[in-house]
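# Commentary on secondary and tertiary structure
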Amino acid sequence: MNLRNPLANAHNHGAAGDGVSHWWAQRFSAILLTGLTVWLVFALTRLIGADHAAAVDWLSSPFNAAMAILFVVTSIYHGKLGLQVVIEDYVHHRLAEVTLQVLVKIASIVGGLLAVIAILKVAFGV
Amino acid sequence: MATDNRPLSPHLQVYRPQLTSVLSISHRLTGVLLSLGLIPVVLWTLAVASGPEAYGALMNILGSVPGLVLLAAWTFALFFHLLNGIRHLFWDAGWLLDLRGAYASGWIALVLALVLTIAVWGGLA
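Nothing here was measured: the structure is a model prediction, and the numbers come from that model.

Cut-off values and rules
Residues numbered from 1 in each chain as written. Chains lettered and ligands numbered in written order. Predicted model: local features only at pLDDT ≥ 70, side-chain atom pairs only at ≥ 80, totals over all residues. Helix = DSSP H or I, 4+ residues; strand = E, 2+ residues; numbered from the N terminus. Buried ≥ 20, exposed ≤ 12 C-beta atoms within 10 Å, placed from the backbone. Contact = placed C-beta atoms within 7 Å. Rg over C-alpha atoms; globule rule 2.2 N^0.38 Å. Axes fitted to C-alpha atoms, helices over the stretch in contact; angles between N-to-C directions. Parallel < 35°, antiparallel > 145°, perpendicular 65-115°, else oblique. Nonpolar A, V, L, I, M, F, W, Y, C, P; charged D, E, K, R; others polar. Core = buried A, V, L, I, M, F, W, Y, C linked by C-beta atoms within 7 Å. Expected span 1.5 Å × (residues − 1). Left-handed = near helix turned anticlockwise from the far one by under 90°. pLDDT = per-residue confidence, 0-100.

Helices and strands together make up the secondary structure of chain B, namely four helices and zero strands. In chain B, buried positions account for 22% of the 125 residues. Nonlocal contacts in chain B, meaning residues at least 24 apart in sequence, comprise 69% of its contacts between residues at least 6 apart.

Here is the structure:
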């Protein structure tokens, strides 16, 4: 039985000094994404309705390939940071919370890896 | 010690929704939806890398009526989250924290998100 006051528990296991890094990472990726979203909107207006050859042509330009990789990685990272906080705030069942956090992490890594490799494949024309 | 079933604030059932609170939860909601919206983005890169057949299949799904509705919703969520996110960055810097600034910037983010969504899709139509 745990007789400790919840506040005492919180103090004992309180911030280990890295709490602020999440906050900064979220802001830094947000600032990066403000610029990347402008690029994305121009990309979308070019790509909606484009056939496969046009899409390959567009994605194989070094600039677009680099921006696409930067966008995918930054947005997945930003999304992962956001989902993490949403899950922490609203999922009060501990097992469900941890399971969701792990799934979000795995999906982020797998999704990011798939997209980066796909973009590189198109960019290098293999 | 019964700490599990205590009422949590804010008590949503007795709160009158305000622009500030509605936009606040909308920021989270659009954030979650945009995270899910990254799945088709990843699928698009895979389709381009796989070839014309996979690409055509994905385009058929995105070009269908439900696909286009989701794409339009995705565009609006993107613009709203972007503009409201910039509003959050201003707050982080200590600006617009008074009621007037919070409300004015809130309306600007909402209206501009609508205008930009219409501009993108209107420009394509």
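A few words on the overall build of chain A. Helices and strands together make up the secondary structure of chain A, namely five helices and zero strands. Taken from the N to the C terminus, the helices and strands of chain A come in the order α-α-α-α-α. Over its C-alpha atoms chain A spans a radius of gyration of 20 Å, topping by over 25% the 14 Å that the globule rule assigns to 126 residues. Principal-axis analysis of the C-alpha atoms places the extent of chain A at approximately 65 × 25 × 25 Å. A buried classification covers 19% of the 126 residues belonging to chain A. Long-range pairs, those at least 24 residues apart, make up 74% of the contacts in chain A between residues at least 6 apart in sequence.

Residues and elements named next belong to chain B. Interaxial distance between helix α2 (residues 52-63) and helix α3 (residues 65-92) falls to 5 Å at its minimum, and their mutual angle equals 75°. Classified by the interaxial angle, the pair formed by α2 and α3 is roughly perpendicular. Contacts between α2 and α3 pair Ile61, Leu62 and Gly63 from the former with Gly67, Leu68 and Leu71 from the latter. Of the residues contributing to the contact of α2 with α3, the split by class is four nonpolar, two polar and no charged.

Turning our eyes to something else, we now look at the interface of chain A and chain B. Buried accessible area, meaning the area lost when the parts come together, often serves as the stated size of an interface. Chain A puts 27 residues into the contact, and the matching count from chain B is 25 residues. Sorting the residues of the side of chain A that touches chain B by element identifies α2 (19-47), α3 (52-59), α4 (62-90) and α5 (94-124) of chain A as the ones contributing at least two each. Looking at side-chain class alone, the side of chain A that touches chain B contains 17 nonpolar, eight polar and two charged residues.

Core analysis: the biggest nonpolar cluster contains 18 residues, and Leu59, Ala118, Ile119 and Val122 of chain A together with Val48 of chain B have the highest contact counts within it. Secondary-structure elements contributing two or more residues to this core are α3, α4 and α5 of chain A together with α1 (19-50) and α2 of chain B. Per-element tally for this core: the top contributor is α1 of chain B, with six residues. Not counting chain neighbours up to four residues away, the residues in contact with Ile119 of chain A comprise Leu59, Ala65, Ala68 and Ile69 of chain A together with Thr45 of chain B. Counting residues in each nonpolar core, the second largest holds eight residues, with Leu34, Ala77, Phe79 and Leu82 of chain B among its members.

A word on unusual backbone geometry. Residues and elements named next belong to chain B. In this model, Leu96 sits at a positive phi of 60°, which is unusual for a non-glycine residue. Mapped onto the elements of the fold, Leu96 is located in the loop between α3 and α4 (99-124). C-beta crowding within 10 Å serves as the criterion here: with 17 such atoms nearby, Leu96 is assigned to the partly exposed category.

Moving on, we come to α1 of chain B. Residues and elements named next belong to chain B. Taking 1.5 Å per residue, 32 residues should reach 46 Å; α1 reaches 45 Å between its end C-alpha atoms and fits that length. Those residues of α1 not exposed but buried are Leu23, Thr30, Gly31, Leu34, Ser35, Leu38, Val42, Trp44, Thr45, Ala47, Val48 and Ala49. Positive backbone phi, approximately 135°, marks Gly51, located one or two places after α1.

In this section: the packing of α1 of chain B against α3 of chain B. Packed helix pairs are characterised by how far apart their axes lie and by the angle those axes make with each other. All names here are of chain B. Two elements in contact, α1 and α3, have axes separated by 9 Å at closest approach and are oriented at 130°. Here α3 runs oblique to α1, going by the angle between their axes. Handedness of the α1/α3 crossing: left-handed. For the pair formed by α1 and α3, the contact residues are Leu23, Ser26, His27, Thr30, Gly31, Leu33, Leu34 and Gly37 on the first element and Trp74, Ala77, Leu78, Phe80, His81 and Asn84 on the second.

As a further point, take the environment of Val38 of chain A. All names here are of chain A. Looking at where Val38 falls in the secondary structure, it is placed in helix α2. By C-beta crowding, Val38 is classed as exposed, having 11 other C-beta atoms within 10 Å. When the C-alpha positions of Val38 and Gln84 are compared, they lie 26 Å apart, and in sequence the two are 46 residues distant.

In the predicted model, chain B carries a mean pLDDT of 91, and the fraction of residues at 70 or more is 90%. Taken over the whole predicted complex, pTM reads 0.88, whereas the ipTM for its chain interfaces reads 0.88.

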